[in-house]
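Coordinates in review
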Amino acid sequence: MTVINALFTYEFLQNAFLSGLIIGVIAPLLGLFIVVRRLALIADALSHVALAGIAGSLFLSQSVLMFSALNPVYLGMASAVGGSLLIERLRGAYKNFEELAIPIILSTGIGFGAIFISLAKGFGSDLVGYLFGSVSAVSRQDLWIIVVIAIVVIAFIRFFYKEMFALSFDKEYAKVSGINGKIIQMFFMIIVALVIGASMRIVGILLVSSLMTIPVAAAIQLAKSFKGALVYSIVIGELSVIIGLFSAFHLDIAPGGTIVITSIIILLLVLSWNKMKGKKPTRKRKGEFA
Amino acid sequence: MTTTIIECTDVNFRYENSTVLEDISLKVKEGEFWALIGPNGSGKSTLINIILGLLKADQGTVKLFGQNVDSFKQRERIGYVSQKSNSFNSGFPATVLEVVKSGLTRKVGLFKSFSKHDEQKALDALRIVKMEDFASHNIGELSGGQQQRVFIARALVGEPDLLIMDEPTVGIDQKNVASFYSMLNELNREHGIAILLVTHEIDLVTELASHVACLNRSIHFHGIQADYKKMNDADISLWYGHPVRRVHQEQKGV
């Protein structure tokens, strides 16, 4: 059966492809702001905190009746949001070692994740799906969650684009010119956490951050402008998701792997293309002024 | 009556156990061009940060356009240019035009996007600094001096009444510094923008500035340029902490 036929036949495939297409837009879109602000590792830390939430939810669903019907994505997202706020706090506490917040949060996430997984005596294929993504696990409910989050993300970028640009390009200047960086930064972190929570069904916890950073890494090699980098990031993100999902379906492997490896291949192609062209033309004319 | 733009009164600032600034009082009025000079580590940048509200003075008050700096909201009236190397990542994917437009962020206001009119303003600002041909270039591709011009355009695009610059010529080719300063002169004379320029170069800039303030922890001299010129080099060397010999424009044949 071809993918196209299967798409019309099975609801779970429609869910997976539609959520994949949406995530292919919003993950690299936020990813661009994450990368240019040198926060790439934060996405990684938050995805591990989401793992703790998911594992906790799966464990509770085994032992507490109330939780048995709860979608683990909710607790996963909630813990990622909690983690994002904690990172901001820790960055404030370690002013001279801001990056220290990242390994602290990351280990906390894995620590709790390991405890819950052990307590539940493993989750079998469920857990593998959360770690590496799954084509079959995306429910209609998951899809709706992703649609709502996508609307929030696009509205945020639409309304705060220029503030986010100013803060990303030059934080000090933004502060002097009276832009309220703290509040915008907090909103941004919460939204990043939500997108991580939403994307993990498809790409999996371990690979979520790659979909936010690798398409961007390729895009900034190609783009001269910020708007250009934004468009390239999304196009490369979408390409990776589409090619990745198709091959995951055909080869019957976890989509997280195929999506991320596709994006890596695109990145390598871009890098070699740039090398062949002799890298970005540097128009630096020494000593020129007027 | 001319408006007072910056008014520092008895500003003190300590960092851990050492006094960085002591009883600084300074008034900058509309249309004036001040050069704030002093040796390295004299507290120049600290004073600028206090004036901008990035640091808080331990004692004393700072007023901007008559309002206390803490509650000063009309930030768009100030254009700020920092030492270039400090605050920007040269690999950043942005064009010159995008960078200049970001200077309008606050003026355009929350929830709104830049309009065609804003883009035109950005191009006008680039024209003032003679960088209009570079509008679509990536900011990282430009030379240090060109980048600094772009940052001045970003500071100018919101049509500020005051331009504050912290050692803007650091990293610029020596032969380009003169043309940079003459551009500042033009901004001050033709556009009427008040300028507060921090520098440790005491020759060129003091020829251009209408007023000079000499800082080394406390203010050792402040007044009009003519009075500064009358001071002898020995006095200046005394507060500078090492021998200083000023070269005058006439001598250089500029």
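Definitions and limits used
- Sequence order as written defines residue numbering, which begins from 1 separately in each chain.
- Whichever chain is written first is A, and whichever ligand is written first is 1; the rest continue in order.
- Restriction of local features to residues with pLDDT of at least 70 applies here, the model being predicted, together with a cutoff of 80 or more for giving and counting side-chain atom pairs; totals for whole chains, interfaces and linings are based on all residues.
- Note that water and hydrogens are dropped before the side-chain values are worked out from all heavy atoms of the structure.
- In DSSP terms, a helix is any run of H or I states spanning at least four residues, a strand is any run of E spanning at least two, and both are numbered starting from the N terminus.
- Each radius of gyration reported is based on C-alpha atoms, and the globular scaling rule is 2.2 Å times the count of residues to the power 0.38.
- Relative accessibility under 20% of the residue-type maximum defines a buried residue, over 50% an exposed one, and the middle range a partly exposed one, all with a 1.4 Å probe and only protein chains included.
- In this analysis the probe radius is 1.4 Å and the grid spacing 1 Å, with only protein atoms considered; a cavity is a set of points the probe fits into but cannot get out of, a pocket is an open set with protein on both sides within 12 Å along at least five of seven lines, and lining residues have an atom within 4 Å of a point.
- Grid points are joined across faces, edges and corners, and a volume is the space filled by probe spheres set on the points.
- Under the scheme applied here, ten amino acids are nonpolar (Ala, Val, Leu, Ile, Met, Phe, Trp, Tyr, Cys and Pro), four are charged (Asp, Glu, Lys and Arg), and all others, including Gly, are polar.
- Should any heavy atoms of two residues lie within 4.5 Å, those residues are counted as being in contact.
- Note: buried area is the sum, over both parts, of the accessible area (probe 1.4 Å) each one loses when the two are combined.
- Just to be clear on terms, a salt bridge is a Lys or Arg side-chain nitrogen sitting within 4 Å of an Asp or Glu carboxyl oxygen.
- Polar contacts, as counted here, are pairs of nitrogen or oxygen atoms within 3.5 Å of one another; within protein the pair requires one atom able to donate a hydrogen and one able to accept it, and residues that are adjacent in sequence qualify only if both atoms are side-chain atoms.
- For helices, the fitted axis covers only the stretch in contact; all axes are lines through C-alpha atoms, and the angles between them, taken along N-to-C directions, range from 0 to 180 degrees.
- Note on angle classes: values under 35 degrees are labelled roughly parallel, values over 145 roughly antiparallel, values of 65 to 115 roughly perpendicular, and the remainder oblique.
- Handedness of each helix crossing follows the sense of rotation of the near helix against the far helix: counterclockwise by less than a right angle gives left-handed, clockwise gives right-handed.
- When DSSP finds at least two bridges between two strands, those strands are taken to pair.

Moving on, we come to the overall build of chain B. Along the backbone of chain B there are 11 helices and 10 strands. Against the 2.2 N^0.38 benchmark of 18 Å for 254 residues, chain B shows a C-alpha radius of gyration of 18 Å, consistent with a compact globule. Each principal axis of the C-alpha distribution contributes one length, and for chain B these read about 55 × 45 × 40 Å. For chain B, the residues scored as buried account for 56% of the 254 residues in total.

All names here are of chain B. In the Ramachandran plot, Glu16 falls in the positive-phi region, its phi being about 50° despite a non-glycine side chain. Inspection of the secondary structure puts Glu16 in the loop between strand S1 (4-15) and strand S2 (18-29). The exposure class of Glu16 is exposed, given its relative accessible area of 66%.

Attention now moves to empty space enclosed by the protein. For the structure shown, the criterion picks out three cavities of 30 Å³ or more. The computed volume of the largest cavity comes to approximately 80 Å³. Tyr173 and Ser177 of chain A together with Arg75, Glu76, Ile78, Gly103, Arg106, Lys107, Arg154, Ala155 and Gly158 of chain B together form the lining of the largest cavity. Considering only residue class, the lining of the largest cavity consists of three nonpolar, three polar and five charged.

A few words now on the interface of chain B and chain A. Each partner contributes residues to the interface: chain B has 45 residues there, and chain A has 35 residues. For the pair chain B and chain A, the summed buried area comes to about 3800 Å², and 59% of that belongs to carbon and sulfur atoms. Its largest share of buried area at the contact with chain A, chain B owes to Phe92, Pro93 and Glu141 of chain B, together 18% of the area lost on that side. For Asp170 of chain A, the salt bridge is made with Arg154 of chain B, and the minimal N-O distance between the two is 3.0 Å. Where chain B packs against chain A, one counts 13 residue pairs in polar contact (both at pLDDT 80 or more).

All names here are of chain B. Looking at where Leu21 falls in the secondary structure, it is placed in strand S2. Separated by 11 residues in sequence, Leu21 and Asp10 place their C-alpha atoms 9.5 Å apart. In this view, Leu21 contacts Val11, Asn12, Phe13, Ser42, Gly43, Thr46, Leu47, Ile50, Leu215 and Arg217; residues no more than four positions away in its chain are not counted.

Residue and element names in this part refer to chain B. Summed over the entire model, instances satisfying the criterion amount to 12 salt bridges over all chains. Note that Arg217 and Glu22 form a salt bridge whose closest N and O atoms lie 3.4 Å from each other. Highlighted residues: Arg217 in the loop between strand S9 (211-216) and strand S10 (218-224) and Glu22 in strand S2, separated in sequence by 195 residues. Notably, a salt bridge pairs Lys230 with Asp227, separated by 3.3 Å at the nearest N-O pair. One end of the pair, Lys230, and the other, Asp227, are both in helix H9 (residues 225-230), three residues apart, so they sit about a helical turn from each other. Residue class for Lys230 comes out exposed when judged on its relative accessible area of 66%.

In this section: the packing of helix H10 (residues 208-222) of chain A against helix H11 (residues 226-251) of chain A. Residues and elements named next belong to chain A. Across the interface, H10 lies against H11 with an axial gap of 8 Å and an inter-helix angle of 130°. In this view, H10 runs oblique relative to H11, as classed from their interaxial angle. At the point where H10 passes H11, the crossing takes the right-handed sense. Contacts between H10 and H11 involve Leu211, Pro215, Val216, Ala218, Ala219, Ile220 and Leu222 from the first element and Ala229, Tyr232, Ser233, Ile236, Gly237 and Val241 from the second. Split by residue class, the contact of H10 with H11 holds 11 nonpolar, two polar and no charged.

Residues and elements named next belong to chain A. Remark: helix H2 (residues 11-36) packs on helix H7 (residues 140-169), axes separated minimally by 10 Å, with the N-to-C direction vectors making an angle of 20°. Accordingly, the angle class assigned to the pair H2 and H7 is roughly parallel. As for the relative orientation of H2 and H7, their crossing is left-handed in sense. Of the residues assigned to the contact of H2 with H7, the class counts are 19 nonpolar, four polar and two charged.

Residues and elements named next belong to chain B. Strand order across the open sheet formed by six strands is S6-S7-S8-S3-S9-S10, with mixed pairing between neighbours. Each edge of the open sheet carries a strand with a single partner, namely strand S6 (78-81) and S10. Direction aside, neighbouring strands of the sheet carry axes that sit 15° apart on average. Two strands pair when backbone bridges link them, and strand S3 (residues 33-37) and S9 are joined in this way by four bridges, in the parallel orientation.

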